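Read off the chains here:
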Amino acid sequence: AGADRGPLAGHVAHGGDELDPAQAQVLQPEAGEQARRGRSHAAAGGVGAHPIAEVGDAIFAVYGAPVPHPDHAERAAATALAMQAALVDINAEHGRRGLPAFEMGIGLHTGEAVVGNFGGDSRIQYTALGDSMNTAARMESGNKAFGSVVMATGDFASRTSLDWWRPMGKVVLS
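Conventions adopted
- Residues numbered from 1 in each chain as written.
- Predicted model: local features only at pLDDT ≥ 70, side-chain atom pairs only at ≥ 80, totals over all residues.
- Heavy atoms only, no water.
- Helix = DSSP H or I, 4+ residues; strand = E, 2+ residues; numbered from the N terminus.
- Contact = heavy atoms within 4.5 Å.
- Areas by Shrake-Rupley, 256 points an atom, 1.4 Å probe, with all protein chains shown as cover.
- Core = buried A, V, L, I, M, F, W, Y, C linked by side-chain atoms within 4.5 Å.
- Buried < 20%, exposed > 50% of the residue type's maximum accessible area, 1.4 Å probe, protein only.
- Salt bridge = Lys/Arg side-chain N within 4 Å of Asp/Glu carboxyl O.
- Patch = residues over 30% accessible without salt bridge, like charges linked within 9 Å, V, L, I, M, F, W, Y side chains within 5 Å.
- pLDDT = per-residue confidence, 0-100.
- Expected span 1.5 Å × (residues − 1).
- 1 Å grid on protein atoms, 1.4 Å probe; cavity = no way out; pocket = protein on both sides within 12 Å on 5 of 7 lines; lining within 4 Å.
- Points joined across faces, edges and corners; volume = space filled by probe spheres on them.
- Nonpolar A, V, L, I, M, F, W, Y, C, P; charged D, E, K, R; others polar.

**A look at the overall build of the protein chain**
Link 1 in the chain: Of regular secondary structure, the protein chain possesses 4 helices and 7 strands.
Link 2 in the chain: The linear arrangement of helices and strands in the protein chain, starting from the amino end, is β-α-β-β-α-β-β-β-α-β-α.
Link 3 in the chain: Long-range pairs, those at least 24 residues apart, make up 66% of the contacts in the protein chain between residues at least 6 apart in sequence.
Link 4 in the chain: Of the roughly 9,300 Å² that the protein chain leaves accessible, carbon and sulfur atoms contribute 53%.

**Here we look at the nonpolar core**
Link 1 in the chain: Ile 106, Leu 108 and Phe 156 are the most contacted members of the largest nonpolar core, which has 16 residues in total.
Link 2 in the chain: Broken down by secondary-structure element, the contributors of at least two residues to this core are strand 3 (58–63), helix 2 (72–96) and strand 4 (106–110).
Link 3 in the chain: The biggest single contributor to this core is helix 2, with 7 residues.
Link 4 in the chain: Judged by nonpolar contacts, the second largest core, of 6 residues, contains Ile 52, Val 62, Ala 65 and Met 133.

**Observations concerning the pattern of salt bridges**
Link 1 in the chain: The tally for this structure, following the rule as stated, stands at 3 salt bridges.
Link 2 in the chain: Note that Arg 75 and Asp 71 form a salt bridge whose closest N and O atoms lie 2.7 Å from each other.
Link 3 in the chain: Across the pair Arg 96 and Glu 93 runs a salt bridge, and its minimum N-O distance is 3.0 Å. Within this pair, Arg 96 and its partner Glu 93 are both found in helix 2, separated by 3 residues, close to a single helical turn.

**Some remarks on a nonpolar patch on the surface**
Link 1 in the chain: On the surface, a nonpolar cluster with roughly 220 Å² of combined accessible area is contributed by Phe 146, Val 171 and Leu 173.
Link 2 in the chain: Inspection of the secondary structure assignment puts Val 171 in the segment after helix 4 (154–158).
Link 3 in the chain: A relative accessible area of 36% means that Val 171 is categorised as partly exposed.

**Let's talk about the confidence of the model for the protein chain**
Link 1 in the chain: Here the protein chain averages 75 in pLDDT, and 68% of its residues register 70 or above.
Link 2 in the chain: pLDDT under 50 marks residues 1–17. Its contacts with residues more than four places away, or in other chains, come to 85 contacts.

**Points about helix 2**
Link 1 in the chain: With 25 residues, helix 2 should cover 36 Å at 1.5 Å per step; its first-to-last C-alpha distance of 37 Å lies within 8% of that length.
Link 2 in the chain: Of all the residues in helix 2, the buried ones are His 72, Ala 73, Arg 75, Ala 76, Ala 77, Thr 79, Ala 80, Met 83, Leu 87, Ile 90, Asn 91 and His 94.
Link 3 in the chain: Once helix 2 ends, the next one or two residues include Gly 98, with phi positive near 75°.

**Some words on the layout of surface pockets**
Link 1 in the chain: By volume, the largest pocket amounts to about 400 Å³.
Link 2 in the chain: Lining the largest pocket are 17 residues, and of these Met 151, Ala 152, Trp 165, Arg 166 and Met 168 sit closest to its centre.
Link 3 in the chain: If you tally residues by element for the lining of the largest pocket, the top one is strand 7 (residues 150–152), at 3 residues.
Link 4 in the chain: The class makeup of the residues in the lining of the largest pocket is 11 nonpolar, 5 polar and 1 charged.

**Points about the environment of Ala 65**
Link 1 in the chain: Along the chain, the position of Ala 65 falls in the loop between strand 3 and helix 2.
Link 2 in the chain: The class of Ala 65 is buried, set by a relative accessible area of 10%.
Link 3 in the chain: When the C-alpha atoms of Ala 65 and Ala 128 are compared, they prove to be 9.0 Å apart, with 63 residues separating the residues in sequence.

Following this line, the structure appears as structure tokens:
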């Protein structure tokens, strides 16, 4: 399964300590709306994504489960590209309104995961578990150190036909 974790699907930051209370009041619901729009894009964008969790301002989606797609990495990369384009439009609108820009981080990895309904008597949730999910999450958080928006593992990048990947160096995952 491929994983996409980012703000609109992912990490939406807006310099919270720089905001005055009026701006924070405007941006807080907008951040949630942008996350929902990102989730809707992933689900309805025809890319075969299955959004499985929202954690804070993050959206976690898998590609290739529950229905396998041999091109799951292409689909996840297409979503990441569409999310970046949407963020440009959102930030242009923020600029016109004198509001700070949103930032986003997207982590992409491919690998095996245990996917299905997990839980107990009081709560059941469809989710994906495993090292590949953790690796995608670490790629997302690695964007901060590199000043990037999308970070993918070499394995993920090698499964796409896209030529816009560039080596960022080695990242030690802990």
